[in-house]
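Descriptive analysis of the structure
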Amino acid sequence: GKEKVCMTYMVFETLINLCQSIIVTAFLIKCLHSKRKDKERVNYIIGVLGTFIYLEISNYVVFFESVGIYAYMIFSLIFSFALLSGTAIEKIFYNILMLCGLVGASLLGGGIVSLFTQRDYLDVVAINTSRRYITVILVQIILILIFGVVIKFKNVQKDNDGKYMIVMTFIPAVSVIICCL
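Note that the coordinates shown come from a computational prediction; the quantities given were computed from them, not determined experimentally.

Quick word on the nonpolar core
Membership of the largest hydrophobic core comes to 29 residues, with the highest contact counts inside it found for F27, Y94, M98, L99 and F147. With nine residues, helix 4 (residues 88-117) is the single largest residue contributor to this core. The next biggest cluster of nonpolar side chains, apart from the first, holds five residues, and it includes Y9, I16, Y133 and V136.

Brief notes about the pattern of salt bridges
Applying the stated criterion across every chain yields a total of three salt bridges. K37 serves as the salt-bridge partner of E40, at 3.9 Å between the closest nitrogen and oxygen. The exposure class assigned to E40 is partly exposed, which follows from its relative accessible area of 24%.

A word on the environment of L84
As for its position among the elements, L84 is in the loop between helix 3 (68-83) and helix 4. When neighbours within four sequence positions are excluded, L84 is seen to be in contact with L28, I29, L32, H33, S34, K35, F79 and K91.

So, unusual backbone geometry
Even without being glycine, H33 reaches a positive phi, approximately 65°. Here H33 lies in the loop between helix 1 (2-32) and helix 2 (40-61). Taking the relative accessible area as the measure of exposure, H33 reaches 35% and is therefore partly exposed. Not every positive phi belongs to a glycine, and Q118 is a case in point at roughly 55°.

Looking at helix 3
With 16 residues, helix 3 should cover 22 Å at 1.5 Å per step; its first-to-last C-alpha distance of 22 Å lies within 8% of that length. When we look at burial in helix 3, the residues that qualify are I69, Y72, M73, S76, F79 and S80. All buried residues of helix 3 lie within an arc of 130° about the axis, which places them on one face of the element. In helix 3, the exposed positions that point more than 90 degrees away from the buried face belong to I74 and I78.

What counts, and at which threshold
- Along each chain, residues carry numbers from 1 onward, in the same order as the chain's sequence is written.
- Local features in this predicted model are restricted to residues of pLDDT 70 or higher, and side-chain atom pairs are both shown and tallied only at a pLDDT of 80 or more, whereas totals for entire chains, interfaces and linings draw on every residue.
- Heavy atoms from the whole structure form the basis of all side-chain values; hydrogens and water molecules are not counted.
- Take the buried Ala, Val, Leu, Ile, Met, Phe, Trp, Tyr and Cys residues and link them wherever side-chain atoms come within 4.5 Å; each set so joined is a nonpolar core.
- For every residue, the accessible area obtained with a 1.4 Å probe (protein chains only) is divided by the maximum for its type, and the residue is called buried under 20%, exposed over 50%, and partly exposed between those limits.
- Secondary structure follows DSSP: runs of H or I at least 4 residues long count as helices, runs of E at least 2 residues long count as strands, and numbering of each begins at the N terminus.
- Basic side-chain nitrogens of Lys or Arg form a salt bridge, by our definition, when they fall within 4 Å of a carboxyl oxygen of Asp or Glu.
- Contacts are residue-level and defined by heavy atoms, with any inter-residue pair within 4.5 Å sufficient.
- Each helix should span, by expectation, one fewer than its residue count multiplied by 1.5 Å.
- The arc in question is the one traced by the directions running from the helix axis out to the C-beta atoms.

This is the structure in structure tokens:
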């Protein structure tokens, strides 16, 4: 009965956290590249494990993420500055884009399910509901699409202009701050 539902929920959340950890780490490494090519596999493992541990802990601390997104930003910036290449502006830019992608995918996925089920967003993401499972899977798909577009755009735009990145960083940064508040 209840134990089976609780166990199913825990397994599902763990798998989703692992999936999201892989997606986020792959995005950062694709955009910024490893400082040392021979350590790229190790960097993936460090990024995935660090993100996964953060997500697992945050699942038990908060129901609805807010300030925790800033805690993750600190981890992802440390990861980027320590192990990934690129300028400081590029690292900050892609980390903020990553957070905007996470927030945007969550809001968009939850909004779509809310629209179809005609329920409030927080009701849609309530624990142990089929709506939550659908929303979380949809969020991962949207996240992959958002990151795919950013990576495609990065590959098309070979000449990275630092001034452009600074200006473009402020737009999503303000959005993330507003959403989290």
